[in-house]
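For reference, the chains in residue letters:
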Amino acid sequence: MGCVISKKSERTPGYEEPNILAAATPFNASEVEALYVLFKKLSSSIISDGLIHKEEFQLALFRNRNRKNLFADRIFDLFDMKGNGVIEFGEFVRSLAVFHPNAPTKDKIAFAFRLYDLRNTGYIEREELKEMVLALLNESDLVLTEDVVETIVDKAFREADTKDDRRIDQEEWVDLVLKNPSLIRNMTLPYLKDITLAFPSFIVRSECEDSEV
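Residue positions are given per chain, counting from 1 as you read along its sequence in written order. Reporting of local features is limited, given that this is a predicted model, to residues whose pLDDT is at least 70; pairs of side-chain atoms are given and counted only at 80 or more, and all residues count toward the totals for whole chains, interfaces and linings. No hydrogens and no water enter the side-chain calculation; it runs on all heavy atoms of the structure.

Within an unreviewed UniProt entry, the label attached to the chain reads Calcineurin B-like protein, and the organism entered is Corymbia citriodora subsp. variegata.

Another point: the packing of aromatic side chains. Each Phe, Tyr or Trp ring (for Trp, its six-membered ring) is paired with any other whose centre lies within 6.5 Å, and the angle between the two planes then decides the class: stacked below 30 degrees, edge-to-face above 60, tilted in between. Within this structure, the stated rule accounts for eleven aromatic pairs. Taken together, a centroid distance of 5.7 Å and an interplanar angle of 10 degrees make the contact between tyrosine 15 and phenylalanine 89 stacked. Within this pair, whereas tyrosine 15 is found in the segment before helix H1 (18–24), its partner phenylalanine 89 is found in helix H5 (residues 89–96), the two being separated by 74 residues in sequence. On the accessibility criterion, phenylalanine 89 (1% relative accessible area) is buried. When the centroid spacing of 5.3 Å and the interplanar angle of 45 degrees are considered together, the rings of tyrosine 116 and tryptophan 173 count as tilted. Placement of tyrosine 116 in helix H6 (residues 105–116) and of tryptophan 173 in helix H9 (residues 170–179) is noted, with a sequence separation of 57 residues between them. There is no split in this pair, since tyrosine 116 and tryptophan 173 are both buried. Site record: aromatic cluster; members linked through ring pairs are Tyr15, Tyr36, Phe39, Phe89 and Phe92. Numbering of helices and strands starts at the N terminus; helices are DSSP runs of H or I of at least 4 residues and strands are runs of E of at least 2. To sort residues, take the accessible area from a 1.4 Å probe on protein chains only and compare it with the maximum for the residue type: under 20% means buried, over 50% means exposed, and anything in between is partly exposed.

Take the nonpolar core next. For our purposes a nonpolar core is just a set of buried Ala, Val, Leu, Ile, Met, Phe, Trp, Tyr and Cys residues, chained together by side-chain atoms within 4.5 Å. Among the nonpolar cores identified, the biggest contains 48 residues, and Phe79, Phe92 and Trp173 are the most heavily contacted of them. Going through the elements one at a time, helix H2 (29–42), helix H4 (70–79), H5, H6, helix H7 (126–140), helix H8 (146–160) and H9 are the ones with two or more residues in this core. No other element matches H2, which puts seven residues into this core. Ignoring anything within four residues of it in the chain, the contact list for phenylalanine 79 reads Phe57, Ile87, Glu91, Phe92, Ser95, Leu96, Phe99 and Phe111. Contacts between residues were defined by any pair of non-hydrogen atoms, one from each residue, lying within 4.5 Å.

Turning our eyes to something else, we now look at the UniProt feature "domain: EF-hand" (unreviewed entry) in the chain. UniProt positions are given in the numbering used here, feature names are shortened, and annotations may be inferred rather than shown by experiment. Within the UniProt annotation, "domain: EF-hand" (unreviewed entry) is assigned to residues 67–102, 104–139 and 148–183. As annotated, residues 104–139 has a helix share of 72% and a strand share of 0%, and its two end C-alpha atoms lie 26 Å apart. Here residues 148–183 is 64% helix and 0% strand, with 18 Å between the C-alpha atoms at its ends.

A cluster of nonpolar side chains, namely Leu142, Leu144, Val148 and Ile152, defines an oily patch on the protein surface of about 290 Å² accessible area. Within the secondary structure, isoleucine 152 is located in helix H8. By relative accessible area, isoleucine 152 is classed as partly exposed at 38%. Grouping into patches uses exposed residues only, defined as over 30% relative accessible area, and leaves out salt-bridged ones; the cut-off is 9 Å for like charges and 5 Å for nonpolar side chains (Val, Leu, Ile, Met, Phe, Trp, Tyr). Only the protein chains shown count as cover for residues, with accessible areas throughout obtained via the Shrake-Rupley method and a probe of 1.4 Å. Take a side-chain nitrogen of Lys or Arg and a carboxyl oxygen of Asp or Glu: if they are within 4 Å of each other, that pair is a salt bridge.

Looking now at the environment of alanine 103. Locating alanine 103 in the fold gives a position in the loop between H5 and H6. For the pair alanine 103 and proline 26, spaced 77 residues apart in sequence, the C-alpha separation works out to 6.4 Å. Non-local contacts of alanine 103, meaning those with residues more than four positions away in its chain, are made with Pro26, Ala97, Val98 and Lys108.

This paragraph deals with the side chain of threonine 25. Here threonine 25 shows up in the loop between H1 and H2. In protein, a polar contact means a hydrogen-donor-capable atom and an acceptor-capable atom, both N or O and within 3.5 Å, with residues adjacent in sequence counting only if both atoms are side-chain atoms; elsewhere, any N or O pair within 3.5 Å suffices. Engagement of the side chain of threonine 25 in a polar contact is seen with the backbone oxygen of leucine 21, the distance being 2.8 Å. A polar side-chain atom of threonine 25 sits 3.3 Å from the main-chain amide nitrogen of phenylalanine 27. Beyond its immediate sequence surroundings of up to four residues, threonine 25 is in contact with Val93, Arg94 and Ala97.

Listed below in structure tokens is the structure:
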């Protein structure tokens, strides 16, 4: 049985009822309730105001609130749908839903495009692609020379820029991803398919790690 949120005063800013979020996402109501418990934990890790701040987001991803990473910054910005510098519960669930195994592929492709469109121009330019490749390499701890990185970026850009206008539009991006599905492999988190089973072990692990700090 999921955790029932009964007291209105305990609800965080931007709270949405589980049945409403369940109707709009691949999660069911019980899974949304489990995500609410996770959200409250994350949103009180540094500032206890019921909102996830960027430092709390960094802490959840890297166990280090001071670590700067372009990839994490972009994910945070896209989760922050209102653009007000914080993530509310409704935004958290609706954004996380894109990573659900049952989420439509078109939604994953669209989210990934926005992730790479660093300057929000509606296009992915070569420099933006390079910046994201470097950020992803940094997360993988894989060290490549500048020449190798340039070769990777050039090859990917040439393949994608079929209109030869030195930028990748959404149509070209869709074609590229359909030919190379691995480009959105990280857009699926398998454990989200049954968050009510995965969630308890996550909490136990998190609390053990907290006690060791």
